[in-house]
Amino acid sequence: RDPFDNIVSNFHHWIVKQVKGGTDLEAKYTNDAKGFHKFCNDDDMDFLNRLKDQSKRLQKKYENIYTMLMESIPFFENVPCHQYFLTYVNWHNNADSVSLQIPSLTIHYEEYEKLFDSTTQQILDFLELDKVSLHSPFVEGKSYSDYYTIDEKIAATKLMKHLALPGTWNLIKRYVTKYE
């Protein structure tokens, strides 16, 4: 899925979870672009503070992760929710590494929007499963491009390119090359 849409969607799910859990965080972080940016500002500061507080432990115990984080800090500027871009790329890096060892199938989110039935059948065929019931309706068209400025998209693209392994970059560049 487009990394920008993915991160905003995760924010929306987090807000819903907080409201269901009875917290009053929806008042602090409205479920819109303004609330998203406020959440990102707070979360980015918290992430950097935690990184600073735990740097010695990270450096000793997780030297590779520590080095990657330290080398990434200059790329954080003007990237809202930078830790979630780190997570997004790291997840894809790990998935790409594992997919080299086992059979895998790559499905892009937008394929569900355009070709839902054939994409579903492709997954079932890959898993060697039969369709046993009707599927739940797929809600399409969830795009949050307007949550980011062009400058934020350019900065986030630089961060993702810095972090991505070649296989990951090949998977996600379709969403971000226009911001290089």
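Quick caveat: nothing in here was measured; it's all calculated off a predicted structure.

About the cut-offs
Residues numbered from 1 in each chain as written. Predicted model: local features only at pLDDT ≥ 70, side-chain atom pairs only at ≥ 80, totals over all residues. Heavy atoms only, no water. Disulfide = S-S within 2.5 Å. Helix = DSSP H or I, 4+ residues; strand = E, 2+ residues; numbered from the N terminus. Buried < 20%, exposed > 50% of the residue type's maximum accessible area, 1.4 Å probe, protein only. Expected span 1.5 Å × (residues − 1). Contact = heavy atoms within 4.5 Å. Patch = residues over 30% accessible without salt bridge, like charges linked within 9 Å, V, L, I, M, F, W, Y side chains within 5 Å. Areas by Shrake-Rupley, 256 points an atom, 1.4 Å probe, with all protein chains shown as cover. Salt bridge = Lys/Arg side-chain N within 4 Å of Asp/Glu carboxyl O. Phe/Tyr/Trp six-rings, centres within 6.5 Å; stacked < 30°, edge-to-face > 60°. Lys NZ or Arg CZ within 6 Å of the ring centre and 35° of its normal. pLDDT = per-residue confidence, 0-100. Polar contact = N/O pair within 3.5 Å; in protein donor to acceptor, adjacent residues only side chain to side chain.

Q: I tried to follow the state of the cysteines on my own but got confused; where do I start?
A: The full count for this structure, using the stated rule, is one disulfide. Each disulfide pairs two cysteine sulfurs, and for cysteine 40 the partner residue is cysteine 81, the sulfurs being separated by 2.0 Å. Measuring handedness by torsion sign, the sulfur bridge of cysteine 40 and cysteine 81 sits at about -95° and is left-handed. Here cysteine 40 is found in helix 3 (residues 33–53), whereas its partner cysteine 81 is found in the loop between helix 5 (63–72) and helix 6 (82–99), with 41 residues between them in sequence. The exposure classification of cysteine 40 matches that of cysteine 81, with both residues buried.

Q: Looking at this structure, I do not really get helix 8 (residues 150–163). What am I missing?
A: Helix length check: helix 8, at 14 residues, gives a terminal C-alpha distance of 20 Å against a target of 20 Å (1.5 Å per residue), a fit within 8%. All buried positions along helix 8 are accounted for by Glu152, Lys153, Ala155, Ala156, Thr157, Leu159, Met160 and Leu163. Residues of helix 8 that are buried in the fold lie against helix 1 (3–20), helix 3, helix 5, helix 6 and helix 9 (166–176).

Q: I would appreciate a short explanation of a nonpolar patch on the surface in the present structure.
A: Taken together, the side chains of Phe126, Leu127 and Leu129 define a hydrophobic patch exposed on the protein surface, amounting to about 270 Å² of accessible area. Note on placement: leucine 129 falls in the loop between helix 7 (109–127) and helix 8. When its relative accessible area of 46% is taken as the criterion, leucine 129 is described as partly exposed.

Q: Is there a simple way to think about the packing of aromatic side chains in this case?
A: To describe a pair of aromatic rings, you give the distance between the ring centres and the angle between the ring planes. Taken as a whole and assessed by the stated rule, the structure comprises 15 aromatic pairs. For the ring pair phenylalanine 11 and phenylalanine 36, a centre distance of 5.5 Å and an interplane angle of 70° mean the geometry is edge-to-face. One end of the pair, phenylalanine 11, is in helix 1; the other, phenylalanine 36, is in helix 3, and 25 residues separate them in sequence. By way of ring pairs, the aromatic residues Phe4, Phe11, Trp14, Tyr29, Phe36, Phe39, Tyr84, Phe85, Tyr144, Tyr147, Tyr148 and Tyr179 are connected into one cluster. Of note, arginine 1 hangs over the ring of tyrosine 109, and the distance from its end group to the ring centre comes to 4.2 Å.

Q: Before we go on, may I ask you to explain the confidence of the model for the protein chain in this structure?
A: The predicted coordinates ought not to be read in detail in places where the model reports low pLDDT. Chain-level statistics for the protein chain give a pLDDT mean of 89 and a share of 99% at 70 or above. No element of the protein chain has a lower mean pLDDT than helix 2 (residues 25–28), which averages 73, and none a higher one than helix 8, which averages 97.

Q: Got a minute to help me understand the pattern of salt bridges in this structure?
A: Close approach of charged atoms allows side chains with opposite charge to pair. Applying the stated criterion to the full structure yields five salt bridges. A salt bridge links aspartate 42 to lysine 38; the nearest nitrogen and oxygen atoms lie 3.8 Å apart. Of the two residues, aspartate 42 and lysine 38 are both situated in helix 3; the distance of four residues between them amounts to about one turn of the helix. A network of salt bridges, in which partner residues are shared, links Lys28, Lys38 and Asp42.

Q: Is there a simple way to think about the side chain of histidine 108 in this case?
A: Inspection of the secondary structure assignment puts histidine 108 in the loop between helix 6 and helix 7. Residue histidine 108 is classed as buried on the basis of its relative accessible area of 11%. A polar contact of 2.6 Å, which involves the side chain of histidine 108, links it to the side chain of arginine 174. A polar contact of 3.1 Å, which involves the side chain of histidine 108, links it to the side chain of tyrosine 175.

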